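Given next are the chains, with one letter for each unit.
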Amino acid sequence: MSWQNLFTKVFAWFDNSNVKITDNVGESIDWMRVIPFILMHLVCLLVLVVGWSPVALWVALASYLLRMFAITAFYHRYFSHKSFKTSRFAQFLFGVLGATATQRGPIWWASHHRRHHIYSDKDKDIHSPRKGFLWSHMGWFLCLKNFSTQEHCVRDLFKFPELVLLDRFDTLVPIIYGFFMLFLGQYLEYAYPELQTNGSQMLIWGYFVSTIVLIHCTLFINSLAHIWGRQRYQTGDDSRNNGFLALITMGEGWHNNHHHYPASTRQGFFWWEIDMSYYLLRLMSLFGIIWDLKPVPANRLYSNLIQKEAQS
Ligand SMILES: [Zn+2]
Ligand SMILES: [Zn+2]
């Protein structure tokens, strides 16, 4: 690889418009693109160097919850499924918040997710566990072929230039977020030395550890939530309901419900199915930030039930 080629590829980490994808790229892993992803995992090992403090762990947890909410409520339930409405300004803020999760831009995310619903667990589903667990968890987005956005699935989102820009420079927001953590730690070290934290500790826990856990828990919905759990509805795919996954993903674990009726804002269809993202979205609707939350129609709640569930 020439120096110029190498420079172009490294530059492409920061500007997606520099990535050239031809139709004949196979499903092999694009290692040059994968380097940052691997490095992010390795950087987490620096917890052994920077140590820990209660405040760093609390910030890491808060950073996880805030961004898990942004992914499930905004990237998934808003951008992918349009299950509620909001203003254009709030839409942009939702996109920026989602981008801090380091799962690329809202348009790319929504395009692959919409495609997943069209072909769920069929041949054209890009992350079905039927193609192997590791593939469904990580392989699919580490190959060059799926680096591009499925434009025909997201024409509605391409109408907003601010979202297109966010998608093009999708690493910018996470980098700013990482610096925010660094400066937060530096400020706390200076203003509250008794907390025994510092910039590097906050960067490692608040950004890197929190982000890696967040990424894998999100990916479990593509992998584990099509393998592990119960099926209430006949959806023609392998999607499952799993209370544990619902807890760690703030409601996304009710995945069989979701495949049964993806247009609904809530994914826990019954009161005992805890869905934190939905509760928070309801709260946001009380303040008028979002509106027109779509319910599950009563006739859909009990349609297409798998027989065993219907009898119980
Ligand atoms: Zn699914
Ligand atoms: Zn969905």
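Further up the page is the structure itself.
Rules of the game
Residues numbered from 1 in each chain as written. Chains lettered and ligands numbered in written order. Predicted model: local features only at pLDDT ≥ 70, side-chain atom pairs only at ≥ 80, totals over all residues. Helix = DSSP H or I, 4+ residues; strand = E, 2+ residues; numbered from the N terminus. Rg over C-alpha atoms; globule rule 2.2 N^0.38 Å. Buried ≥ 20, exposed ≤ 12 C-beta atoms within 10 Å, placed from the backbone. Contact = placed C-beta atoms within 7 Å. Axes fitted to C-alpha atoms, helices over the stretch in contact; angles between N-to-C directions. Parallel < 35°, antiparallel > 145°, perpendicular 65-115°, else oblique. Left-handed = near helix turned anticlockwise from the far one by under 90°. Nonpolar A, V, L, I, M, F, W, Y, C, P; charged D, E, K, R; others polar. Expected span 1.5 Å × (residues − 1). Bend = angle between axes of the 7 residues up to and from the residue. Core = buried A, V, L, I, M, F, W, Y, C linked by C-beta atoms within 7 Å.

Q: What is the right way to read the overall build of the chain from this model?
A: The helix and strand inventory of the chain stands at 16 helices and two strands. In terms of C-alpha radius of gyration, the chain reaches 20 Å, essentially the compact-globule figure of 20 Å for 312 residues. Relative to its full complement of 312 residues, the chain shows a buried share of 38%. When contacts within the chain are restricted to residue pairs at least 6 apart in sequence, those whose partners lie at least 24 apart make up 67%.

Q: What should I look at first to understand the packing of helix α2 (residues 31–43) against helix α11 (residues 199–219) in this one?
A: When two helices pack together, their arrangement is given by the angle between the helix axes and the distance between those axes. Taken N-terminus to C-terminus, the directions of α2 and α11 make an angle of 120°; their axes are 9 Å apart at the nearest point. In this view, α2 runs oblique relative to α11, as classed from their interaxial angle. As for how α2 packs across α11, the hand of that crossing is left-handed. Facing Met-40, His-41 and Val-43 of α2, the residues of α11 in contact are Ile-204, Phe-208, Thr-211 and Ile-212. Here the contact of α2 with α11 is composed, by residue class, of five nonpolar, two polar and no charged.

Q: Is there a simple way to explain unusual backbone geometry in this structure?
A: Phi is mostly negative for residues that are not glycine, and the peptide bonds are mostly trans. Phi at Lys-82 takes a positive value of approximately 45°, unusual for a residue other than glycine. Residue position: Lys-82 is located in the loop between α4 (54–80) and β1 (85–86). On the basis of neighbour counts, which here come to 15 C-beta atoms within 10 Å, the residue Lys-82 falls in the partly exposed class. A positive phi is found at Arg-104, a non-glycine position, where the angle reads about 70°. Examined against the element boundaries, Arg-104 turns out to sit in the loop between α5 (88–99) and α6 (106–119). With 21 C-beta atoms packed within 10 Å, Arg-104 lands in the buried category.

Q: Is there a simple way to explain α5 in this structure?
A: For an α-helix the count is 3.6 residues per turn, leaving residues at separations of three or four pointing the same way. For α5, spanning 12 residues, the distance from its first C-alpha to its last is 17 Å, which sits close to the expected 16 Å at 1.5 Å a residue. Listed in full, the buried residues belonging to α5 are Phe-94, Gly-95, Leu-97, Gly-98 and Ala-99. Looking at the buried positions of α5, the neighbouring elements they touch are α4, α6, α9 (161–168) and α10 (172–191).

Q: How should I be thinking about α11 in this particular structure?
A: Between its first and last C-alpha atoms α11 spans 29 Å; for 21 residues at 1.5 Å apiece the expected length is 30 Å, and the two agree. Of all the bends in α11, the largest measures some 25° and sits at Ser-210.

Q: I keep staring at the packing of α10 against α11 and nothing clicks. Help me out?
A: Packing of α10 against α11 leaves a shortest axis separation of 7 Å and a crossing angle of 135°. The angle between α10 and α11 places the two elements in the oblique class. In this structure, α10 meets α11 at a crossing whose hand is right-handed. Contacts between α10 and α11 involve Tyr-177, Gly-178, Met-181, Leu-182, Phe-183, Leu-184, Gly-185, Gln-186 and Glu-189 on the former and, on the latter, Gly-199, Ser-200, Gln-201, Met-202, Leu-203, Gly-206 and Tyr-207. Along the lines of polarity and charge, the residues of the contact of α10 with α11 split into eight nonpolar, seven polar and one charged.

Q: Looking at this structure, how should I read the nonpolar core?
A: Taken as a class, soluble globular proteins show a tendency for nonpolar side chains to be buried jointly. Counting 42 residues, the largest nonpolar core has Ala-70, Phe-74, Tyr-75, Phe-79, Ala-110 and Trp-205 as its most contacted members. Put simply, the parts of the chain that give this core at least two residues each are α4, α5, α6, α9, α10, α11 and α14 (276–286). If one sorts the elements of this core by residue count, α4 sits on top with 14 residues. Counting eight residues, the second largest nonpolar core, distinct from the first, contains Leu-224, Ala-225, Ala-246 and Phe-269.

Q: Would you explain the environment of Tyr-187 in this entry?
A: The topology assignment puts Tyr-187 in helix α10. Measuring from C-alpha to C-alpha, the distance between Tyr-187 and Gly-199 comes to 7.8 Å, with 12 residues separating the pair along the chain.

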